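# Close look at the chain arrangement
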Amino acid sequence: MKAITLLGSTGSIGTQTLDIVTQYPDQFRIVGLAAGNNVEMLASQIRQFRPEIAAICSKEKFSALKEAIQDLDPQPILLAGEAGVIEVARYGDAETVVTGIVGCAGLLPTIAAIEAGKDIALANKETLIAGGPVVLPLVEKHGVKLLPADSEHSAIFQCLQGVPKNGLRRILLTASGGAFRDWEPEKLAQATVADALKHPNWSMGRKITIDSATLMNKGLEVIEAHFLFGLDYEKIEIVIHPQSIIHSLIELQDTSVLAQLGWPDMRLPLLYALSWPDRIFTDWEQLDLVKAGNLTFREPDHNKYPCMKLAYAVGKSGGSMPAVLNAANEEAVALFLAEKIRFLDIPRCIERVCDRHQNDNRPNPSLDDILAADQWARQEVLQARESLGVRC
Ligand SMILES: NC(=O)c1ccc[n+]([C@@H]2O[C@H](COP(=O)([O-])OP(=O)(O)OC[C@H]3O[C@@H](n4cnc5c(N)ncnc54)[C@H](OP(=O)(O)O)[C@@H]3O)[C@@H](O)[C@H]2O)c1
Ligand SMILES: C[C@](O)(CO)[C@H](O)COP(=O)(O)O
Ligand SMILES: [Mn+2]
């Protein structure tokens, strides 16, 4: 039985992970849970899965959580704040930590888990994009596994099993195209939050769904693939695949192409990361190619979606630039979700912030450099909004 700790347990990734644990109680045991501020759901999860330790990041919600589970015997260790989440991440005999926290808030807990010798099932892509220069050396130093749970990177990882070293020539990263894939570019100026949250294929948290709509999710995934698989940016290509049945493809040095297919269901990449190197046989819906219908492909439209090229350029710059891109994106998306900027202002704000950081880019950033760049970028987005005169 594999002991796991789940960070971000009350979110889309978190609840799907707990669905898996519920379906396979003889395979998995929950050691720790951590969430942001959803007291009711976290309390219910503590009651159902009886973790040894749990934390809620929002200190204001701690007393409500404590009261909600006061009848439990034995009581879990209950913590609050970022420090509490970090303690959960490093705690006890969990073999694998599932990182389902959204944003760079997952970076320090992930580092704590790695330093405690725990394997990482990585859904929280922002942690790797921003912290890759620090995270990868720590993964190697501590001899832990960094297992991709993002659907595309899981597909690539699965296809790579058995491929000889240096056998990988190219990665083809598929993208649904997001909520506006069939919109005329001119119409994006009027895009609302509700429009942007209508993802055609996947049900996900709000931030990543907006990232899918701007195609920044795909740009971030290009950087994620670079860090995970060590391929140059020129060899990581994006292809729009509206059906989201092919979850990505790899081309080998002999030109053969391998792909992983399935219904758009995040439980599969999560189950793969959790059970690796074993595989669990499921009774989930098998792929029916006739039912799936035509599988189509399009070139990405870089004029309509500038975030992709921005991500490629920032990834190639390296250093602390990806941390700046990621933080600027997190803040710009939050402003859009709060209806304080328009959809098309998201790339405008990010581009301005990245331009202003180029000269301060640190080639081999320390963790402190990355955290400082992250904080700087978040402030700069507010400046960018003012100087761009963007208003809603
Ligand atoms: N959803 C998907 O299908 C999918 C697929 C691939 C990758 N991912 C990646 O997985 C991550 C999570 O995505 P999601 O869609 O699951 O997001 P989500 O639904 O918004 O859930 C985010 C989770 O993180 C928690 N959280 C937020 N800030 C926190 C903090 N400072 N400390 C501890 N917990 C915190 C939230 O807690 P509260 O809700 O209690 O505040 C919630 O449990 C993202 O990095 C995303 O890019 C998601
Ligand atoms: C589900 C997913 O892996 C989240 O990252 C997928 O990437 C979302 O779809 P899209 O292709 O980015 O629109
Ligand atoms: Mn993805």
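Residues numbered from 1 in each chain as written. Chains lettered and ligands numbered in written order. Predicted model: local features only at pLDDT ≥ 70, side-chain atom pairs only at ≥ 80, totals over all residues. Heavy atoms only, no water.

If you look the protein chain up in an unreviewed UniProt entry, it shows as 1-deoxy-D-xylulose 5-phosphate reductoisomerase from Aetokthonos hydrillicola Thurmond2011.

### Describing the coordination of the manganese ion (ligand 3)
In an ideal tetrahedron of four donors about a metal, each angle is 109.5 degrees. In an ideal octahedron of six donors, the angles are 90 or 180 degrees. Each protein donor to the manganese ion (ligand 3) is listed here as Asp 150 (OD), Glu 152 (OE) and Glu 221 (OE); together their distances run 2.0 to 2.2 Å. Bound by six donor atoms, the manganese ion (ligand 3) shows angles of 75 to 174 degrees at the metal and therefore octahedral coordination geometry. The sequence motif formed by the donor residues of the manganese ion (ligand 3) is D-x1-E-x68-E. You can see Glu 152 sitting in helix 7 (residues 151–160) and its partner Glu 221 sitting in helix 10 (residues 216–229), a full 69 residues away along the chain. Side by side, Glu 152 and Glu 221 carry an identical accessibility label, which is buried. (Donors = N, O, S within 2.8 Å, 3.2 Å for Na, K, Ca; no water. Tetrahedral: all angles 85-135°; square planar, octahedral: opposite > 155°, others 65-115°. Helix = DSSP H or I, 4+ residues; strand = E, 2+ residues; numbered from the N terminus. Buried < 20%, exposed > 50% of the residue type's maximum accessible area, 1.4 Å probe, protein only.)

### Quick word on the site of ligand 2
Taken together, 14 residues lie near ligand 2, and Ser 151, Glu 152, Ser 176, His 199 and Asn 217 sit nearest. A distance of 2.8 Å is found between an oxygen atom of ligand 2 and a side-chain nitrogen or oxygen belonging to Asn 217. Here ligand 2 has 350 Å² of accessible area as a free molecule, and 96% of this is covered by the chains. The leading source of residues in the shell around ligand 2 is helix 10, at three residues. Residues that form the shell around ligand 2 fall into these classes: four nonpolar, five polar and five charged. (Near = heavy atom within 4 Å. Polar contact = N/O pair within 3.5 Å; in protein donor to acceptor, adjacent residues only side chain to side chain. Areas by Shrake-Rupley, 256 points an atom, 1.4 Å probe, with all protein chains shown as cover. Nonpolar A, V, L, I, M, F, W, Y, C, P; charged D, E, K, R; others polar.)

### Brief notes about helix 15 (residues 345–357)
Counted at 1.5 Å a residue, the expected span for helix 15 with its 13 residues is 18 Å, and the 19 Å between its end C-alpha atoms agrees. Here helix 15 has its buried residues at Asp 345, Ile 346, Pro 347, Cys 349, Ile 350, Val 353, Cys 354 and His 357. Buried residues along helix 15 sit against helix 9 (206–214), helix 10, helix 13 (307–317), helix 14 (321–337) and helix 16 (367–388). (Expected span 1.5 Å × (residues − 1). Contact = heavy atoms within 4.5 Å.)

### Some points on the site of ligand 1
For ligand 1, the set of nearby residues contains 25 residues, the closest of which are Thr 10, Ile 13, Gly 36, Asn 38 and Glu 126. Contacts to ligand 1 include Asn 124, whose side-chain N or O atom sits 3.4 Å from an oxygen atom. Within the contact set of ligand 1, an oxygen atom lies 2.9 Å away from a backbone nitrogen or oxygen of Gly 205. Protein contacts shield 86% of the accessible area of ligand 1, which totals 900 Å² for the unbound molecule. Residue assignment for the shell around ligand 1 shows that the elements contributing at least two residues are helix 1 (12–23) and helix 6 (125–142). Classifying every residue of the shell around ligand 1 by side-chain character gives eleven nonpolar, eleven polar and three charged.

### A short note on the nonpolar core
Side chains of nonpolar character tend, in soluble globular proteins, to be buried together. Judged by nonpolar contacts, the single largest core of 126 residues is most densely connected at Ile 171, Phe 180 and Leu 325. If you tally residues by element for this core, the top one is helix 14, at ten residues. What Phe 180 contacts, discounting residues up to four positions off in sequence, is Leu 188, Ala 191, Thr 192, Asp 195, Ala 196, Ala 213, Lys 304, Tyr 305 and Phe 343. (Core = buried A, V, L, I, M, F, W, Y, C linked by side-chain atoms within 4.5 Å.)

### What about the packing of helix 13 against helix 15?
Running from N to C, helix 13 and helix 15 point in directions that differ by 20 degrees, and their axes come no closer than 10 Å. Taken together, the axis directions place helix 13 and helix 15 in an arrangement best described as roughly parallel. Pair helix 13 / helix 15 crosses with left-handed handedness. Two secondary-structure elements touch here, helix 13 through Cys 307, Leu 310 and Val 314 and helix 15 through Pro 347, Ile 350, Glu 351 and Cys 354. Among the residues making up the contact of helix 13 with helix 15, the classes are represented as six nonpolar, no polar and one charged. (Axes fitted to C-alpha atoms, helices over the stretch in contact; angles between N-to-C directions. Parallel < 35°, antiparallel > 145°, perpendicular 65-115°, else oblique. Left-handed = near helix turned anticlockwise from the far one by under 90°.)

### Section: the packing of aromatic side chains
As enumerated under the stated definition, the model contains five aromatic pairs in all. Ring centres of Phe 180 and Phe 343 lie 4.8 Å apart, and the angle between their planes is 80 degrees; on these two criteria the pair is classed as edge-to-face. Separated by 163 residues along the polypeptide, Phe 180 in the loop between strand 8 (168–175) and helix 8 (193–196) and Phe 343 in the loop between helix 14 and helix 15 bring together distant segments of the chain. Just as Phe 180 is buried, Phe 343 falls in that class too. Cluster of aromatic residues (ring-pair linked, three or more members): Phe 180, Trp 183, Phe 336 and Phe 343. (Phe/Tyr/Trp six-rings, centres within 6.5 Å; stacked < 30°, edge-to-face > 60°.)

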